[in-house]
Amino acid sequence: MTEPGKHEFSVAGSQVVHIGRVVGLRVDDVVMPGGETAKREVVEHLGAVAILTLDAEDAVTMVHQYRHPLGHRLWELPAGLIDKPGEDPVDAAKRELVEEVGLAAGEWSTLVDVAASPGFTDEVVRVFLARGLSEVDREVLGEEEADLVVKKFPLAEAVAMALSGELVNGATVSGVLAAHAVLTGAAKARPADAPWRDRPTRFARRRAEG
């Protein structure tokens, strides 16, 4: 057996089980440190963006949205899939900001990249910080988006909501706390086009190949 931390977890075989609209499922045979293989179920995802907006009063715009797996509505940052082939993440974020809350932003930076649940899915969400806001006509593209409730929260209140458990969406909690760190000077945001090593790509390629 190799020294801990040195083993390469190669894939001896892989089977695609399901290809859906938003996710795919594959089962990999992964070579373990002792030489045997273990099956690992992997949910493939398109990748997504979320946007933490800060206005002149440091208020955050969030949406109250129904999430069927949990069975109730959650307060979340505006967000959406990178579902257009070859779309730049910042362009996806700009599109989602207009569609969900009717805002445009003149200043963009990267707050955090959040692996949703890396034990079983390759989904990673990039959370942007958007400032220099202006209102634009909202583009409602379906019944689900028409049901969204949009509300502003002072950033301090959003932080309190995250720590009290009122916010549970991973990208939202991470984005709110990261924005607080940036505003207090504890950390700096990255450029909007910062390298994104773990951006999911496999499922998008499968869909493109048809």
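Just above, that's the structure.
In this text the structure is predicted, and so the values were computed from the model without any measurement.

Draft legend 1. Region of interest: the packing of aromatic side chains. Taken as a whole and assessed by the stated rule, the structure comprises two aromatic pairs. Here the aromatic rings of Trp 75 and Phe 153 are separated by 4.9 Å at their centres, their planes lie at 80 degrees, and the arrangement is edge-to-face. In this pair, Trp 75 is assigned in strand β6 (residues 72-76) and Phe 153 in strand β10 (residues 149-154), connecting sequence segments 78 residues apart. Exposure remark for Phe 153: the relative accessible area of 3% places this residue in the buried category.

Draft legend 2. Examining the sheet that holds strand β9 (residues 124-135) more closely. Taking strand neighbours across the sheet as the criterion, the five strands line up as β7-β4-β9-β8-β11 in an open arrangement whose pairing is mixed. Of all strands in the sheet, those bounded by a partner on one side alone are β7 (79-81) and β11 (190-191). Where strand β4 (residues 48-53) meets β9, six bridges bridge the pair, whose relative direction is parallel. Directly across from Val 49, in β9, lies its bridge partner Arg 126. On the sheet, helix α1 (residues 89-101) packs against β4, β7, β8 (103-115) and β9 and is oriented at approximately 115 degrees with respect to β8. Its contacts with the sheet put helix α4 (residues 170-183) on β4, β8 and β9, and the angle it makes with β8 is roughly 110 degrees.

Draft legend 3. Looking closely at the environment of His 18. You can see His 18 is positioned in strand β1 (residues 11-19). The sequence separation of His 18 and Thr 2 amounts to 16 residues, and the corresponding C-alpha distance is 34 Å. Apart from the residues lying within four places of it in its own chain, the contact partners of His 18 are Val 23, Gly 24 and Leu 25. Among the polar contacts made by the side chain of His 18, one reaches the main-chain amide nitrogen of Gly 20 at a distance of 3.5 Å.

Draft legend 4. Spatial organisation of the sheet that holds strand β3 (residues 37-45). Taken together, the three strands give an open sheet; going across it, the order is β1-β2-β3, and neighbouring strands pair in antiparallel fashion. In the strand order of this sheet, the two ends are held by β1 and β3, each with one partner. Put simply, the sheet's adjacent strands are angled 20 degrees from each other on average, direction ignored. As defined by bridge partners, β1 adjoins strand β2 (residues 23-31) across seven bridges and the pair is classed as antiparallel. Its bridge partner being in β2, His 18 is matched across the sheet by Leu 25.

Draft legend 5. Representation of the packing of helix α3 (residues 155-164) against α4 within the structure. Where α3 contacts α4, the axes come no closer than 9 Å and their chain directions differ by 135 degrees. Between α3 and α4, the interaxial angle falls into the category oblique. The hand of the α3/α4 crossing is left-handed. Here Leu 155, Ala 158, Val 159 and Ala 162 of α3 come into contact with α4, specifically with Val 173, Val 176, Leu 177, Ala 179, His 180 and Leu 183.

Draft legend 6. The arrangement of the layout of surface pockets in detail. By volume, the second largest pocket is sized at about 210 Å³. If you trace the second largest pocket, you find 13 residues lining it, with Ile 82, Lys 84, Pro 85, Gly 86 and Ala 204 closest to the centre. Residues of the lining of the second largest pocket, tallied by class, amount to six nonpolar, two polar and five charged.

Draft legend 7. Structural detail: the nonpolar core. Counting 28 residues, the largest nonpolar core has Leu 52, Met 62, Val 127 and Leu 167 as its most contacted members. Elements represented by at least two residues in this core include exactly β4, β5 (59-67), β8, β9, α3 and α4. When residues no more than four places from it in sequence are discounted, the contact partners of Leu 52 are Val 60, Leu 77, Leu 111, Phe 128, Leu 129, Ala 130, Gly 175, Val 176 and Ala 179. Listed in part, the 18 residues of the second largest apolar core include Leu 97, Val 124, Ala 192 and Trp 196.

Rules and cut-offs
Residues numbered from 1 in each chain as written. Predicted model: local features only at pLDDT ≥ 70, side-chain atom pairs only at ≥ 80, totals over all residues. Heavy atoms only, no water. Phe/Tyr/Trp six-rings, centres within 6.5 Å; stacked < 30°, edge-to-face > 60°. Helix = DSSP H or I, 4+ residues; strand = E, 2+ residues; numbered from the N terminus. Buried < 20%, exposed > 50% of the residue type's maximum accessible area, 1.4 Å probe, protein only. Pairing = 2+ DSSP bridges. Contact = heavy atoms within 4.5 Å. Axes fitted to C-alpha atoms, helices over the stretch in contact; angles between N-to-C directions. Polar contact = N/O pair within 3.5 Å; in protein donor to acceptor, adjacent residues only side chain to side chain. Parallel < 35°, antiparallel > 145°, perpendicular 65-115°, else oblique. Left-handed = near helix turned anticlockwise from the far one by under 90°. 1 Å grid on protein atoms, 1.4 Å probe; cavity = no way out; pocket = protein on both sides within 12 Å on 5 of 7 lines; lining within 4 Å. Points joined across faces, edges and corners; volume = space filled by probe spheres on them. Nonpolar A, V, L, I, M, F, W, Y, C, P; charged D, E, K, R; others polar. Core = buried A, V, L, I, M, F, W, Y, C linked by side-chain atoms within 4.5 Å.

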